[in-house]
Amino acid sequence: MRQFAPDVRTASCYWGGELGARLGAGGLSVPHTGGRSRGGPDGEIGTAEAIGPADGTELWADLYRDPLAELAAAAGSGAGSGSGSGPGGSAELPLGAALPAERPRALLCALDGHVGDIARGAGLPAPYLAAAVTELAASAVLSGAGAAVPDEEELARLLARALVAAALAALLDADAPVVPDGAARDAAVAALAARMGARPEGSERGLGAALARPVLRIASHQVVRRRRALTEAAHPAAADVMLYLAHGEPLRRRLREAVEELEPPVVVIGHSLGGIIALDALIASPSPRVALLVTVGSQAPFLYESGALPGLVHPEPLPEHLPDWLNVYDRRDLLGYVGAPLFPGRVTDVEVDNRQPFPAAHSAYWTNPAVYRAIAARLP
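A. Quick look at helix H9 (residues 182-195). Look at H9: 20 Å from first C-alpha to last across 14 residues, which is about the 20 Å you get at 1.5 Å a residue. Buried within H9 are the following residues: Gly-182, Ala-184, Arg-185, Ala-188, Val-189, Leu-192 and Ala-193. In this structure, the buried residues of H9 make contact with helix H2 (56-65), helix H5 (115-122), helix H6 (126-137) and helix H8 (152-173).

Below, the structure is given as structure tokens:
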């Protein structure tokens, strides 16, 4: 925020640790079996289905579900085998050439000592990316991919996307509050691919080639197998929303107390359920200190329209004491809603593009400069 508004002082109002919902019995109500599926001989792959017409977001949605899906699809299709180098090809390897399984591992070795810098440059926790490199290097799918993709640059890009997808999928499974947006994600892919020998300007060509190929989508039985991880990774947690709707006053009181400790004018920024709490608190109790309400990726308008917002029931209008309201959303974020159609002249909706599929789109606002520019433009 200081990059766009250097004089602004920020303060947090964290409620989750003390007032957030908990699974009192450790999640006994959630049926679950197994973990994330992996491609190749050791993992289950769902029904093959061609994507089209598609964009990069659809590809990444597949890769987050199974980071090895693209490599497994390339290996299974025998891409590049027309030269005799893939499965079924009859040409012998040139003298001294690396075995198919060793080609991708040799490219991964080029990342040694550079993973941390690449991760930090893209806003990725380095341990997640390092773990993805270790896991991919041990995968059985590399043999088929190495044989099926003779072009070194294309193979490097395939590996780079698999690594970034694995790291981001792990972040989502860990219920990380912030994940990199699409631009940061693509920068990480480009940096990894470049370190493995791909030209930076080749990134778009590589993505286009990937989109032209069939990609394996994960069948619904895998979603069932990952039900616990999906439940725990939901943003916001369904239990937090239900807890707030049933017993929300302690959370509203926490926010009011935080506002009273600050010098006016105060700007209240709430993400997701935080936006619901902020709107509800300001509806219930006027606060002259607050000059601007900002909701980001929030379900507050939807709760109001559906009659579930505690402080205001549709079609009641917003109270006059509510400050200016800026609402930021991404159309791919299925948990972000618009308010201007419900409250004409009282809400300003600003659309941003986090360039991530859902649910990553819901947590990617905070690395998107467009979000901060929109807020800075409305500061009192």
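Structure's up, so let's keep going.
B. The sheet that holds strand E5 (residues 324-329), seen in detail. Taken in spatial order, the four strands line up as E3-E4-E5-E6 in an open sheet, and their pairing is parallel. Single-partner strands in this sheet number two, and they are strand E3 (266-271) and strand E6 (347-351). Taken over all neighbouring pairs, the strand axes of this sheet differ in orientation by 20° on average, direction set aside. Taken together, the five bridges between E5 and E6 define a ladder with parallel strand orientation. If you follow Leu-326 over to E6, its bridge partner there is Thr-348. The sheet contacts of helix H18 (residues 369-377) involve E3, strand E4 (290-296), E5 and E6, and relative to E5 the element is tilted by about 170°.

C. Layout of the pattern of salt bridges. The final tally for this structure, using the stated rule, is 16 salt bridges. A salt bridge links Arg-120 to Asp-117; the nearest nitrogen and oxygen atoms lie 2.8 Å apart. Of this pair, Arg-120 and Asp-117 are both found in helix H5, three residues apart, which corresponds to roughly one turn of the helix. When its relative accessible area of 56% is taken as the criterion, Arg-120 is described as exposed. Among the ionic pairs, Arg-185 bridges to Asp-186, the shortest N-O distance being 3.0 Å. When its relative accessible area of 4% is taken as the criterion, Arg-185 is described as buried.

Here is what the cut-offs are and how they apply
Residues numbered from 1 in each chain as written. Predicted model: local features only at pLDDT ≥ 70, side-chain atom pairs only at ≥ 80, totals over all residues. Heavy atoms only, no water. Helix = DSSP H or I, 4+ residues; strand = E, 2+ residues; numbered from the N terminus. Expected span 1.5 Å × (residues − 1). Buried < 20%, exposed > 50% of the residue type's maximum accessible area, 1.4 Å probe, protein only. Contact = heavy atoms within 4.5 Å. Pairing = 2+ DSSP bridges. Axes fitted to C-alpha atoms, helices over the stretch in contact; angles between N-to-C directions. Salt bridge = Lys/Arg side-chain N within 4 Å of Asp/Glu carboxyl O.

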